Amino acid sequence: MELHDIWFALIAVLWIGYFFLEGFDFGVGILTKLLARDEAERRVLINTVGPVWDGNEVWLLTAGGATFAAFPAWYATLFSGFYLPLLAILVCLIVRVVAFEYRGKREDARWKRNWEHALFWTSLLPAFLWGVAFANIVHGVKIDAEGEYAGTVLDLLNPYALLGGLVTLALFTFHGAVFAALKTRGDIRDRARTLAARAGLATAGLALVFLLWTQGSGGNVRSLVALVLTVVALLGALAANQRAREGWAFALSGVTVAGAVAMLFLALYPDVMPSSLDTAWSLTVSNASSSAYTLTVMTWVAAIMTPVVLLYQGWTYWVFRKRIGVEHIPA
Amino acid sequence: MELALAQETVARWQFGITTVYHFLFVPLTISLAFLVAGLQTAWVRTGRDKYFKSTRFWGKLFLINVAMGVATGIVQEFQFGMNWSAYSKFVGDVFGAPLAMEALLAFFFESTFIGLWIFGWDKLPRKIHLACIWLVAIGTFLSAYFILAANSWMQHPVGYEINEATGRAELNDIAAVLFQKTTLVVVFHTLTAAFLTGGAFIVGIAAYQLRRTSKAAKEATEPDTPGRIATMRTSLRLGLVTVVIAGLGTAVSGDALAKVMYEQQPMKMAAAEALWETEESAPFSLFAYGDVAEGRNSVEIEIPGLLSYLAKGNFDDAVPGISSVEALEKAKYGDLAEDYKPSIPTAYWSFRWMIGFGMASFAIGLVGLWLTRKKRWLADGKRRGEDEVPLLMLTPNRELGPALNTWAWRLAVLTMGFPLVANSFGWIFTEMGRQPWTVFGLMTTADAVSPGVSVAEQITSLSVFTALYAVLAVVEVKLLVKYAKAGPVDEQPPPEVPSLRGPAADEDADRPMTFAY
């Protein structure tokens, strides 16, 4: 196992961290329209992720930065190739940050309603688009001999990729509902569980088709193990949710997210971006990676900093461990 | 060729717009984080109401600003890959490392602890809560450091070698990248400028609040928030002191940076002076009217010998001119680029706007500090209590006249914007002055763009970002104005939390949150 293999795994871990954490942020954002009945309930939902969403989003910046440092060619081809979808994601993430921070800054019903619309759509769209992007990466896109993306934006909207988008959308909604059930109290908590059950069933149906498709088209033994783990975790999460064991349900929906992302990366390896034109043009862990020196430096930084980050982010969740109900929302 | 040119142009416009816009928020974030942390420290140590109210007031404005900084920062990391994929492939090995470090060491720090700080007022013991804002401040510093190290590498590449097989730059000395002289001086210059910006921001708003008081007192309008004047008076002094110290630091570091640049990028500095021919005992041009681009000025004000001093630390030394540097670069790099000159008028004028606006707020700070000086330096009857608006005193006995008085307060409010202009022109100068290079001496900007991205896609992106940023600017400024005008809120500190386990009594369980979105 060489350094670039370790970095492939590390980048998978960063994306798993991102989708695990921002997955439920997106879900909660979507729930503000599906679950909340009034202003107070919307605020309960928003505040379940209030102290943590910003830190969660940094996992994306870290995944991006790490890809830049460890696999410059992957970073370059991916972001220039998926130009317009990425632009849409960036716009959503920008508006979403502002929506969180500015919604409550004026006592004006229209102002608040506008930011709530913004929060909903900017949570929903990236939840869908990330699935489209990853499905395309795994499936392979038109990469030419120079390592440049040679397709168009329409090529990215193929059935497999669109299904991938629906899977992440359903999965994050489920994950968010389970998180909301874990973090709220009162009436909204019970309704969150009901909604989680429905979203979970939808996820199970979509994910099964998508993951089997992935396994069939480019899977291997390791990705099969991840597939089985994902499905078992999802069923377990549904069962725990049914019995109102919210802690277990959240842990297992988290494993579902992690398992699904892991499966995609395992199916991908040793490519990082397979070419659908000619396999010789595929970007791989070896031809897209940085020099051994850079990887060594970055390994030290990551090995020291990642546990520290996990420790203090974990501590944040502990500080804000209490459930929130409408009675906690200040006027 | 025509298409390639257009692509480069659009990509550069997007980078310029998004970066200058992002950098309106960055210096405020850095300096306000430290200043708010300082104010909160003063509150935790003394328990005085004015420090608590200052912390809350400036903290609120800080957060409005941080949201924009964070939001616009996301684009920065990804547009290298989107618009500059050739660049990303060529330098990712070197340039990606500080970026990844920034995310791992700084972004996580800032964003995690800022959440704890915003929501933790009634959940954390006071000292731990205070530590959170200090960690945010340290995070902003580290973030600035890493990104400036990355930029300095583009200005002056070190610690790398070109891999002959792949044609890419490969890192071979990370310490050289992180600690080269360019990085250290640039960090010094950027941070002092950041504090100048934050100080001027505080001066402007505090002056507005105090000025409004003296007007309102005459008209006897609505009841005032208790402690507002004391809070704003302390803030004004804090802002003025910050402006003066940071202004001095900016000048000293700017001088050091100019000397480094004369060594590393003589073309940029020759362009800054529109100095065409190498001159001994070169003058510093204050103002030029005429055709700067051609080096023929009809009106010009110059300080003899000063440029030689600024460049070389000696009034008589020769300073290289544009023509001679260009001949040297042509000989060295051949026809990598058509032209080795940046836009001379842009470099010349942005350099002057940077210095002019920066130093104007420094001067205003200095004058303000004198006019509002301590009570013991004033005659009896001219002293004002802590909860009164200070008189602007020329001498121990003499106030400023009414017209000057009005203008002094007005200027103090206006100075808020000056460092923002200076910062923007500083970056415009340093980035445009490096042209035609994106990595100095290694890669031209024309070669750096994404070959696979169409001009239509780029124009879409440029228009979307420009429109979005324009809308957000309006929203942000309106919010800032609203909160700045409202002034500090009449509120009490939350009860002391005894330990990390949370509030002592169980009845606290149903208490509304101190802060909620």
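As recorded in an unreviewed UniProt entry, chain B goes by Cytochrome ubiquinol oxidase subunit I and comes from Streptomyces aurantiogriseus. A UniProt comment under Subcellular location (unreviewed entry) is attached to chain B, and it reads "Cell membrane".

As recorded in an unreviewed UniProt entry, chain A goes by the name Cytochrome c oxidase assembly protein, listed as coming from Streptomyces aurantiogriseus. Checking UniProt for chain A, the heading Sequence similarities (unreviewed entry) contains the comment "Belongs to the cytochrome ubiquinol oxidase subunit 2 family." Annotation of chain A in UniProt includes, under Subcellular location (unreviewed entry), the sentence "Cell membrane".

(A) Summary view of the overall build of chain A. A count of helices and strands for chain A gives 11 helices and 2 strands. In terms of overall dimensions, chain A is globule-like: its C-alpha atoms have a radius of gyration of 20 Å, near the 20 Å expected for 331 residues. Each of the three principal axes of chain A carries a C-alpha extent, and together these read 60 × 40 × 40 Å. Buried positions account for 64% of the 331 residues belonging to chain A. A sequence separation of at least 24 residues applies to 80% of the contacts in chain A between residues at least 6 apart. Surface accessibility of chain A: about 11700 Å² in total, with carbon and sulfur atoms responsible for 68%. Distance between charge centroids for chain A: 14 Å, based on 24 positive and 23 negative side chains.

(B) Local environment of the overall build of chain B. Of the regular secondary structure elements, chain B holds 14 helices and 8 strands. Its C-alpha atoms give chain B a radius of gyration of 25 Å, near enough to 24 Å, the size a compact globule of 517 residues would have. Looking at the 517 residues of chain B, the share that counts as buried comes to 56%. Taking all contacts inside chain B whose residues are at least 6 apart in sequence as the whole, residues at least 24 apart take part in 77%. Carbon and sulfur atoms provide 65% of the accessible area of chain B, an area that totals close to 21100 Å². Looking at chain B, you have 43 positive and 48 negative side-chain charges, and the mean spots of the two groups are 13 Å apart.

(C) Layout of the interface of chain A and chain B. If you look at the interface, chain A gives 75 residues, while chain B gives 76 residues. The contact between chain A and chain B buries some 6800 Å² in all, and 72% of this surface belongs to carbon and sulfur atoms. Inspection of the chain A/chain B interface yields 1 salt bridge. Glu148(A) is paired through a salt bridge with Lys89(B); the nearest N and O atoms lie 3.0 Å apart. Connecting chain A to chain B are 20 residue pairs in polar contact (both at pLDDT 80 or more). Mapped onto the side of chain A that touches chain B, the elements with two or more residues apiece are helix 2 (39-49), helix 3 (53-70), helix 4 (72-81), helix 5 (83-102), helix 6 (109-139) and helix 11 (292-319) of chain A. No other element matches helix 11 of chain A, which puts 15 residues into the side of chain A that touches chain B. Looking at side-chain class alone, the side of chain A that touches chain B contains 45 nonpolar, 18 polar and 12 charged residues.

(D) Structural view of empty space enclosed by the protein. All names here are of chain A. Scanning all chains against the criterion turns up 12 cavities of 30 Å³ or more. Considered as a void within the structure, the largest cavity measures approximately 200 Å³ in volume. Considering the residues around the largest cavity, the lining is formed by 19 residues, among which Val-167, Thr-168, Leu-171, Ala-260 and Leu-264 are closest to the centre. Counted as a void, the second largest cavity has a volume near 110 Å³.

(E) Broad picture of unusual backbone geometry. In this chain, Tyr269(A) is followed by Pro270(A) through a cis amide linkage whose omega measures 5°. Note that Pro270(A) resides in the loop between helix 10 (246-268) and strand 1 (271-273). Residue Pro436(B) is bonded to the preceding Gln435(B) through a cis peptide linkage, with omega at 10°. Looking at the secondary structure, you find Pro436(B) in the loop between helix 13 (418-432) and strand 7 (437-439). If you check the backbone angles, Ala244(A) has positive phi at about 60° while not being a glycine.

(F) Region of interest: the packing of aromatic side chains. Tallying each qualifying case throughout the model produces 69 aromatic pairs over all chains. Taking the centre distance of 6.0 Å and the plane angle of 80° together, the rings of Trp15(A) and Tyr18(A) count as edge-to-face. With a gap of 3 residues between them, Trp15(A) and Tyr18(A) both fall in helix 1 (residues 3-34), about one helical turn apart. Since its relative accessible area comes to 0%, Tyr18(A) is described here as buried. Judged by centre distance (6.3 Å) and plane angle (85°), the ring pair of Tyr145(B) and Phe146(B) falls under edge-to-face. Overall, the relative accessible area of 14% leaves Tyr145(B) in the buried class. Cation over ring: Arg321(A) sits above Trp318(A), and NZ or CZ is 4.0 Å from the ring centre. A cation over an aromatic ring shows up here: Lys259(B) above the ring of Tyr309(B), its NZ or CZ 5.5 Å from the ring centre.

(G) Local environment of the confidence of the model for chain A. Overall, the predicted model of chain A reaches an average pLDDT of 93, with 100% of residues at or above 70. The secondary structure element of chain A with the lowest average pLDDT is strand 2 (residues 283-284) of chain A, at 89, and the one with the highest is helix 7 (residues 159-183) of chain A, at 96.

(H) Spotlight on the UniProt feature "transmembrane region" (unreviewed entry) in chain A. Mapped onto the present numbering, the UniProt feature "transmembrane region" (unreviewed entry) falls at residues 6-36, 82-99, 119-140, 160-182, 194-215, 221-240, 247-270 and 290-312 of chain A. For residues 119-140 of chain A, the end-to-end C-alpha separation is 32 Å, with 95% helix and 0% strand making up the annotated structure.

(I) View of the pattern of salt bridges. Under the defined criterion, the tally for this structure stands at 30 salt bridges over all chains. Between Lys53(B) and Asp49(B) there is a salt bridge; the shortest N-O distance is 3.0 Å. With a gap of 4 residues between them, Lys53(B) and Asp49(B) both fall in helix 2 (residues 49-83), about one helical turn apart. Here Lys53(B) falls in the buried class, since its relative accessible area comes to 3%. Note that Asp339(B) is salt-bridged to Lys341(B), the shortest N-O span being 3.3 Å. Here the residues in one salt-bridge network are Glu39(A), Arg42(A), Arg103(A), Glu107(A), Lys112(A) and Glu116(A), joined through shared partners.

What counts and how
Residues numbered from 1 in each chain as written. Chains lettered and ligands numbered in written order. Predicted model: local features only at pLDDT ≥ 70, side-chain atom pairs only at ≥ 80, totals over all residues. Heavy atoms only, no water. UniProt positions renumbered as here; feature names shortened; annotations may be inferred. Helix = DSSP H or I, 4+ residues; strand = E, 2+ residues; numbered from the N terminus. Rg over C-alpha atoms; globule rule 2.2 N^0.38 Å. Buried < 20%, exposed > 50% of the residue type's maximum accessible area, 1.4 Å probe, protein only. Contact = heavy atoms within 4.5 Å. Areas by Shrake-Rupley, 256 points an atom, 1.4 Å probe, with all protein chains shown as cover. Lys, Arg positive; Asp, Glu negative; His and termini not counted. Charge placed at Lys NZ, Arg CZ, Asp CG, Glu CD. Buried area = accessible area lost by both parts, 1.4 Å probe. Salt bridge = Lys/Arg side-chain N within 4 Å of Asp/Glu carboxyl O. Polar contact = N/O pair within 3.5 Å; in protein donor to acceptor, adjacent residues only side chain to side chain. Nonpolar A, V, L, I, M, F, W, Y, C, P; charged D, E, K, R; others polar. 1 Å grid on protein atoms, 1.4 Å probe; cavity = no way out; pocket = protein on both sides within 12 Å on 5 of 7 lines; lining within 4 Å. Points joined across faces, edges and corners; volume = space filled by probe spheres on them. Phe/Tyr/Trp six-rings, centres within 6.5 Å; stacked < 30°, edge-to-face > 60°. Lys NZ or Arg CZ within 6 Å of the ring centre and 35° of its normal. pLDDT = per-residue confidence, 0-100.

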